[in-house]
Amino acid sequence: MAASLRHKEVIRGKILYYLALIYPRAATLPLLQGELDIFGFAVTSVELSYHVAYLVEKGLASVDEVRGPVPRRKTPLVKITAKGIDYYDGRLPADSGVYLEPRG
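Residues numbered from 1 in each chain as written. Predicted model: local features only at pLDDT ≥ 70, side-chain atom pairs only at ≥ 80, totals over all residues. Heavy atoms only, no water.

### Notes on the packing of helix H2 (residues 29-38) against helix H3 (residues 45-57)
Item 1. The interhelical angle for the contact between H2 and H3, taken along N-to-C directions, is 100°, at an axis separation of 10 Å. Accordingly, the angle class assigned to the pair H2 and H3 is roughly perpendicular. Contacts between H2 and H3 involve Leu29, Leu32, Gln33 and Leu36 on the former and, on the latter, Ser45, Leu48, Ser49 and Val52.
Item 2. By residue class, the composition of the contact of H2 with H3 is five nonpolar, three polar and no charged. (Axes fitted to C-alpha atoms, helices over the stretch in contact; angles between N-to-C directions. Helix = DSSP H or I, 4+ residues; strand = E, 2+ residues; numbered from the N terminus. Parallel < 35°, antiparallel > 145°, perpendicular 65-115°, else oblique. Contact = heavy atoms within 4.5 Å. Nonpolar A, V, L, I, M, F, W, Y, C, P; charged D, E, K, R; others polar.)

### A closer look at H2
Item 1. Among the residues making up H2, those that are buried are Leu29, Leu32, Glu35 and Leu36. One side of H2 holds all its buried residues, which, seen down the axis, span an arc of 125°. In this structure, H2 carries Pro30 and Ile38 as exposed residues pointing more than 90 degrees from its buried face.
Item 2. Between a side-chain oxygen at the N-terminus of H2 and the backbone nitrogen of Leu31 the separation is 3.2 Å; the capping residue is Thr28.
Item 3. Looking one or two residues beyond H2, the residue adopting positive phi is Gly40, at roughly 90°. (Buried < 20%, exposed > 50% of the residue type's maximum accessible area, 1.4 Å probe, protein only. Arc of directions from axis to C-beta. Polar contact = N/O pair within 3.5 Å; in protein donor to acceptor, adjacent residues only side chain to side chain.)

### Points about the nonpolar core
Item 1. Counting 25 residues, the largest nonpolar core has Ile15, Leu19, Leu32, Leu36, Leu48 and Val78 as its most contacted members.
Item 2. If you tally residues by element for this core, the top one is helix H1 (residues 2-22), at eight residues.
Item 3. Residues within four places of Leu19 in sequence aside, it is in contact with Ala27, Leu32, Ala61, Val78, Lys79 and Ile80. (Core = buried A, V, L, I, M, F, W, Y, C linked by side-chain atoms within 4.5 Å.)

### A word on the pattern of salt bridges
Item 1. Inspection of every chain in the model, using the stated rule, returns five salt bridges.
Item 2. For Arg6, the salt bridge identified is with Glu9, shortest N-O distance 3.4 Å. Of the two residues, Arg6 and Glu9 are both situated in helix H1; the distance of three residues between them amounts to about one turn of the helix.
Item 3. Overall, the relative accessible area of 17% leaves Glu9 in the buried class.
Item 4. What emerges from the salt-bridge pattern is a single network uniting Asp86, Asp89 and Arg91. (Salt bridge = Lys/Arg side-chain N within 4 Å of Asp/Glu carboxyl O.)

Okay, structure coming up:
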């Protein structure tokens, strides 16, 4: 179970890392899913939604629904918040639910 928890923390950190890289732009869920796959962390869309919801509840990310290419269907866009940037930059205390790799 501990390894499973650690895996979730790392995935959330990778999501935050990518969102910080593209800031101030936002990412679609499929884009985030593809980036996680490139990082070696393949997740299902359900798992990704779970991690994004966690980051949103922590105030580290936000989700805005915009009209997509399909009529009457909205596309969620995920963006790092100012608090998320502060956390990513190390200006906030460590959160046990989100692991960021040390930067040098």
